Amino acid sequence: MSFTLPELPYAYDALQPYMSRETLEFHHDKHHAAYVNTGNNLLKGTEFEGKSVEEVVKGSYGKNQALFNNAGQHYNHIHFWKWMKPNGGGAIPGKLEQQIASDLGGVDKFKEDFIQAGVGQFGSGWAWLAVKDGKLAIMKTPNGENPLVHGAQPILGVDVWEHSYYIDYRNRRPDYLKAFLENLVNWEHVEEMYEAAGK
Ligand SMILES: [Fe+2]
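Within each chain, residue numbers correspond to sequence positions counted from 1 in written order. With pLDDT at 70 or above as the cut-off, local features in this predicted model cover only qualifying residues; side-chain atom pairs require 80 or more to be listed or tallied, and sums for whole chains, interfaces and linings still use all residues. Hydrogens and water are ignored here; the side-chain numbers use all heavy atoms of the structure.

Peer 1: Outline the nonpolar core, listing residues and values.
Peer 2: Put simply, a nonpolar core is a bunch of buried Ala, Val, Leu, Ile, Met, Phe, Trp, Tyr and Cys residues held in one set by side-chain atoms that sit within 4.5 Å of each other. Here's how the labels work: a residue is buried when its accessible area is under 20% of the maximum for its type, exposed when over 50%, partly exposed in between, all with a 1.4 Å probe on protein chains only. Counting residues in each nonpolar core, the largest one holds 42 residues, and the members touching the most others are Leu-156 and Phe-180. Secondary structure elements are taken from DSSP: a helix is a run of H or I of four residues or more, a strand is a run of E of two residues or more, and numbering for both begins at the N terminus. Of all the secondary-structure elements, those providing two or more residues to this core are helix 3 (65–82), helix 4 (94–104), helix 5 (107–120), strand 1 (125–132), strand 2 (135–142), strand 3 (153–159), helix 7 (173–184) and helix 8 (187–197). Beyond its immediate sequence surroundings of up to four residues, Phe-180 is in contact with Phe-80, Met-84, Phe-114, Leu-156, Gly-157, Val-158 and Val-185. Formed by 14 residues, the second largest nonpolar core is a distinct cluster that contains Phe-3, Val-36, Phe-48 and Leu-148. Whether two residues touch is decided by their heavy atoms; if any such pair falls within 4.5 Å, the residues are in contact.

In structure tokens, the structure reads:
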């Protein structure tokens, strides 16, 4: 099995004005496609050929940096597209909201800390909501890393590489993160991943 670029689950202009057609065209068709193509070239002849994306990510971490970078970014972007939807944001589904209240001090505190994780990630990387040791945790990682290689299961992540926001927000990363939470997150998908992480 090799890596395959998934289609976006919505039209390129469906997330406007919070994420433009131009951003999605570059981000999906150029950046994600490059991780898939480079990853496939690097997979050839390695012990990871035929493994799932998750297995390649975990297996290559600390062993094959170039492959890990591309496999990690492939995994991260597969989910990033699904963590957004048109008319996203809004209320967090009840069970997940209760867990956020008990593990992270409530929805407002979660949003504040999640944005701070994204703002505080120096340079390129990601901010995450993940399940670790049965509890929700906010994490941040550099470059293509993700919670999978830190003993946690990501259930929501936001790309803070400049390619994700510079066309629409220029250097205003905090505004991008706020718009992501308030107008783009597909909470039903986050809830599905939360339910799956508990099994
Ligand atoms: Fe990206």
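So much for the structure itself; the text now carries on.
Peer 1: Account for the side chain of Thr-23, naming residues and giving values.
Peer 2: Looking at the element boundaries, Thr-23 is found in helix 1 (residues 21–43). Classification of Thr-23 as buried rests on a relative accessible area of 1%. Here a polar contact is taken to be a pair of N or O atoms separated by no more than 3.5 Å, where protein atoms must pair a possible hydrogen donor with a possible acceptor and residues adjacent in sequence count only if both atoms sit in side chains. A distance of 2.8 Å separates a polar atom in the side chain of Thr-23 from a polar atom in the side chain of Asp-168. Excluding its chain neighbours within four sequence positions, the residues that come into contact with Thr-23 are His-163, Ser-164, Ile-167 and Asp-168.

Peer 1: Got a sec to walk through the pairing of strand 1? Specific residues and values, please.
Peer 2: When you tally the buried positions in strand 1, you get 7 out of 8 residues, the bulk of the element. One bridge is not enough; two strands pair if DSSP finds at least two bridges between them. Hairpin connection, strand 1 to strand 2: the antiparallel pair is bridged by 2 residues, and Asp-133 has positive phi, about 50°. With 6 bridges connecting them, strand 1 and strand 3 associate as antiparallel partners. The partner of Leu-129 across the bridge, within strand 3, is Leu-156.

Peer 1: Can you lay out the packing of helix 1 against helix 3 for me, pointing to particular residues and giving the numbers?
Peer 2: Between the N-to-C directions of two axes lies an angle of 0 to 180 degrees, each axis being a line fitted to C-alpha atoms and, for a helix, fitted only over the stretch in contact. Closest axis-to-axis distance for the helix 1/helix 3 pair is 8 Å, and the angle between their directions is 140°. Taken together, the axes of helix 1 and helix 3 lie oblique to each other. The crossing of helix 1 and helix 3 is left-handed. Packed against helix 1, whose contacting residues are Leu-24, His-27, His-28, His-32, Ala-34, Tyr-35, Val-36, Thr-38, Gly-39, Leu-42 and Leu-43, the element helix 3 presents Ala-66, Leu-67, Asn-70, Gln-73, His-74, His-77, Ile-78, Phe-80 and Trp-81 at the interface. Roughly parallel means an angle under 35 degrees; roughly antiparallel means over 145; roughly perpendicular covers 65 to 115; every other angle is labelled oblique. Take the far helix as your reference; a near helix turned counterclockwise from it by less than a right angle gives a left-handed crossing, and one turned clockwise gives a right-handed crossing.

Peer 1: Any details on the coordination of the iron ion? Residues and values, ideally.
Peer 2: Keep in mind that water is not among the atoms, so a site may look incomplete; donors are the N, O and S atoms within 2.8 Å of the metal, or 3.2 Å for Na, K and Ca. At 1.9 to 2.1 Å from the iron ion lie its protein donor atoms, namely His-27 (NE2), His-77 (NE2), Asp-159 (OD) and His-163 (NE2). Sequence spacing of the donor residues for the iron ion, all on one chain, is H-x49-H-x81-D-x3-H. Of the two residues, His-77 sits in helix 3 while Asp-159 sits in strand 3, which places them 82 residues apart along the sequence. This pair shows no difference in class: His-77 is buried, exactly as Asp-159 is.

Peer 1: Just give me the short version of the pairing of strand 2, but keep the residues and values in it.
Peer 2: Looking at chain direction, strand 1 and strand 2 are connected through 8 bridges and run antiparallel. In the sheet register, Leu-129 faces strand 2, and the bridge partner there is Ile-138.

Peer 1: Could you give an account of the sheet that holds strand 1, with specific residues and numbers?
Peer 2: Ordered by their spatial adjacency, 3 strands build an open sheet running 2-1-3, and the pairing between neighbours is antiparallel. Of all the strands in the sheet, just strand 2 and strand 3 have a single pairing partner and so form its edges. Here the average twist between neighbouring strands, direction ignored, is 20°.

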